[in-house]
Amino acid sequence: MGVKIRALQNEAEEYVFSLHRLVDVAMSRIYKFWLWPEFIFHCSKIYRENLQYLSIAHGFSRRIIKERKLRCMNGEMGDDSRCLLDVLLKLHIEDRVLDEEGVRQEVDTFISAGHEITAIAVKWTLYLVGLHPEVQERIHQELDSVLGADSKGPLSIGDLNELKFLDCVIKVRSISKQGHQWVGFSSNFLSLFLKSRFLFQS
């Protein structure tokens, strides 16, 4: 983002810790069905923790944005800057497409997406596939059919394109039989994960 985190090491460590704890809170709520209703969750201890860690994360983002914005407005940035934060600040300062809070939301989304969301989406996919042995079997058959005996070899784009059923499993909105809760996945993040071939390594 064009920011030297080492210069803010203590705050950065607190920020990263807060991101981890926010994920822990989210996963805890997923596994504890009694926390699914908002009115119960809002009375819980982990909701108060959630607010605390959100405050730390948002505060760090806002500080970084304000410092970078000040440098931009003082002409300390070159016109050819291409880091994410500078692009967002251009939309805020020059184009007036985003307000400062909008910039903060975009920055937080970018960081959390790269940091944890993909891992959470993969966990949920594996969890739901684990609930349905018939889906597991069909995925296994498709992998055997497409990859053959050389399942540990490098994958080609052609191989990935042939994994039609697995692609559907990843992209579809699956309904969980437990509580009939809709569980949606980000097809973009999961598709990127699929193309990383990590799924197919033993």
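Heads up: these notes are all about the structure in this document.

The rules behind the values
Residues numbered from 1 in each chain as written. Predicted model: local features only at pLDDT ≥ 70, side-chain atom pairs only at ≥ 80, totals over all residues. Heavy atoms only, no water. Helix = DSSP H or I, 4+ residues; strand = E, 2+ residues; numbered from the N terminus. Buried < 20%, exposed > 50% of the residue type's maximum accessible area, 1.4 Å probe, protein only. Contact = heavy atoms within 4.5 Å. Areas by Shrake-Rupley, 256 points an atom, 1.4 Å probe, with all protein chains shown as cover. Phe/Tyr/Trp six-rings, centres within 6.5 Å; stacked < 30°, edge-to-face > 60°. Lys NZ or Arg CZ within 6 Å of the ring centre and 35° of its normal. Arc of directions from axis to C-beta. Core = buried A, V, L, I, M, F, W, Y, C linked by side-chain atoms within 4.5 Å. Axes fitted to C-alpha atoms, helices over the stretch in contact; angles between N-to-C directions. Parallel < 35°, antiparallel > 145°, perpendicular 65-115°, else oblique. Left-handed = near helix turned anticlockwise from the far one by under 90°. Nonpolar A, V, L, I, M, F, W, Y, C, P; charged D, E, K, R; others polar. Salt bridge = Lys/Arg side-chain N within 4 Å of Asp/Glu carboxyl O. 1 Å grid on protein atoms, 1.4 Å probe; cavity = no way out; pocket = protein on both sides within 12 Å on 5 of 7 lines; lining within 4 Å. Points joined across faces, edges and corners; volume = space filled by probe spheres on them.

1. Looking at the overall build of the chain
Thought 1: For the chain, the count of helices and strands is 9 helices and 2 strands.
Thought 2: When the elements of the chain are put in sequence order from the N terminus, they spell out α-α-α-α-α-α-α-α-β-β-α.
Thought 3: Looking at the chain as a whole, 36% of its 202 residues are labelled buried.
Thought 4: A separation of at least 24 residues holds for 59% of the contacts in the chain among residues at least 6 apart in sequence.
Thought 5: Put simply, the chain shows about 13100 Å² of open surface, and 57% of that area lies on carbon and sulfur atoms.

2. Regarding the packing of aromatic side chains
Describing an aromatic ring pair means giving the distance of the ring centres and the angle of the ring planes.
Thought 1: For the structure shown, the criterion picks out 4 aromatic pairs.
Thought 2: Between Phe 33 and Trp 34, the aromatic rings sit 5.3 Å apart at their centres with planes inclined by 80°, giving edge-to-face as the arrangement.
Thought 3: Exposure remark for Trp 34: the relative accessible area of 47% places this residue in the partly exposed category.
Thought 4: Over the aromatic face of Phe 41 sits the side chain of Arg 29, whose NZ or CZ is 4.1 Å from the ring centroid.

3. Section: helix H8 (residues 164–171)
Thought 1: Taken residue by residue, H8 has Phe 165, Leu 166, Val 169 and Ile 170 as its buried positions. For H8, the buried positions fall inside an angular range of 135° around the axis, keeping them on one side.

4. With respect to the nonpolar core
Proteins that are soluble and globular tend to have nonpolar side chains buried together.
Thought 1: Core analysis: the biggest nonpolar cluster contains 17 residues, and Tyr 15, Ile 65, Leu 85, Val 103 and Val 107 have the highest contact counts within it.
Thought 2: When residues in this core are grouped by element, the largest group, 5 residues, is from helix H3 (residues 45–73).
Thought 3: Counting residues in hydrophobic clusters, the runner-up holds 11 residues, among them Val 129, Ile 139, Leu 147 and Leu 166.

5. Side note on the packing of H3 against helix H4 (residues 84–93)
Thought 1: With their axes 10 Å apart at the nearest point, H3 and H4 run at an angle of 70° to one another. Viewed along their axes, H3 and H4 adopt a mutual orientation that is roughly perpendicular. Along this stretch, H3 crosses H4, giving a crossing that reads as right-handed. When H3 is examined against H4, the residues Ile 64, Ile 65, Arg 68, Lys 69, Cys 72 and Met 73 are found in contact with a partner set consisting of Leu 85, Asp 86, Leu 89, His 92 and Ile 93.
Thought 2: By residue class, the composition of the contact of H3 with H4 is 7 nonpolar, 1 polar and 3 charged.

6. Focus on the pattern of salt bridges
Note on pairing: side chains with opposite charge can pair once their charged atoms come close.
Thought 1: Under the defined criterion, the tally for this structure stands at 11 salt bridges.
Thought 2: In this structure, Glu 101 engages Arg 62 in a salt bridge whose closest nitrogen and oxygen atoms are separated by 3.0 Å. With a gap of 39 residues between them, Glu 101 in helix H5 (residues 100–130) and Arg 62 in helix H3 connect regions that are remote in the sequence.
Thought 3: Measuring nitrogen to oxygen at the nearest pair gives 2.8 Å for the salt bridge that ties Arg 104 to Asp 108. In this pair, Arg 104 and Asp 108 both sit in helix H5, 4 residues apart, roughly one turn of the helix.

7. Some thoughts on empty space enclosed by the protein
Thought 1: Per the counting criterion, the structure on display carries 1 cavity of 30 Å³ or more.
Thought 2: The volume enclosed by the largest cavity comes to roughly 30 Å³.
Thought 3: Around the largest cavity, the lining residues are Met 27, Ile 30, Tyr 31, Ile 120, Lys 123, Trp 124 and Tyr 127.
Thought 4: Elements represented by at least two residues in the lining of the largest cavity include exactly helix H1 (9–31) and H5.
Thought 5: For the lining of the largest cavity, the leading source of residues is H5, giving 4 residues.
Thought 6: Its residues assigned to classes, the lining of the largest cavity shows 6 nonpolar, no polar and 1 charged.

8. Quick look at H4
Thought 1: Restricting attention to buried positions, one finds in H4 the residues Leu 85, Asp 86, Leu 88, Leu 89 and His 92. Buried residues of H4 fall within an arc of 160° about the axis and therefore sit on the same side.

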